[in-house]
Amino acid sequence: MAWLDRHGRLFGRLNVVDLAVVCFVGVLVCVGYVRLTASYRVAPPYAVSDAVCGAEVLLQLPQAQSWLCEGALLTDAVERDGRTGAVRVQVVGCQLEGGYPCVRLQVQALRDGTGRVLFKNGRLVPGRTLRVETERCILEGVVKSCVLLDKGAE
């Protein structure tokens, strides 16, 4: 028995063109399903309470923003989580150090499995640029120091 007969049918029963169309439609359905159910469309899970830690961060702002420390603009300024409404960052104080304004923040950070402290999808280490959008102003500067508030966290 030949694979194709003289009418172009596979094993004498299935038309090769029809088989190609069915396979093409099947591939399109599979690709469409994968594209519509992509994992990046799922909201990230909430952090496990064991991973949440507090940290005190000293954020050095540009020298041109030294006026922020003079006014009451930073008093009780907070940044809230968009999903839960919980306070994620709170401004504790501001002082001038060498002509540069340094804002002291208390942040709710996360610890990963290796003990690194993460905040806003990055490690919370000195030298990192950080942007905090409080209800009163936007603070953007460089992390000068970071101290964990949880004594058991290393």
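Residues numbered from 1 in each chain as written. Predicted model: local features only at pLDDT ≥ 70, side-chain atom pairs only at ≥ 80, totals over all residues. Heavy atoms only, no water.

(A) Structural view of the state of the cysteines. Going through the model one piece at a time under the given rule, you end up with zero disulfides. Cys 53 takes part in no disulfide bond, and the closest cysteine sulfur, belonging to Cys 146, lies 8.0 Å away. Its relative accessible area of 1% is what places Cys 53 among the buried residues. (Disulfide = S-S within 2.5 Å. Buried < 20%, exposed > 50% of the residue type's maximum accessible area, 1.4 Å probe, protein only.)

(B) Looking closely at the environment of Arg 111. Mapped onto the elements of the fold, Arg 111 is located in strand S6 (residues 100–111). Judged by its relative accessible area of 23%, Arg 111 falls in the partly exposed class. Put simply, Arg 111 and Ala 51 are 60 residues apart on the chain and 5.0 Å apart in space, counted from C-alpha to C-alpha. (Helix = DSSP H or I, 4+ residues; strand = E, 2+ residues; numbered from the N terminus.)

(C) Fine view of the pattern of salt bridges. Counted under the stated rule, the structure contains eight salt bridges. Between Glu 97 and Lys 144 there is a salt bridge, and its shortest N-O distance comes to 2.7 Å. Here Lys 144 lies in strand S9 (residues 138–148) and Glu 97 lies in strand S5 (residues 87–97), a separation of 47 residues in the sequence. Here the salt bridges share partners, and the residues they tie into one network are Glu 79, Arg 88 and Lys 120. (Salt bridge = Lys/Arg side-chain N within 4 Å of Asp/Glu carboxyl O.)

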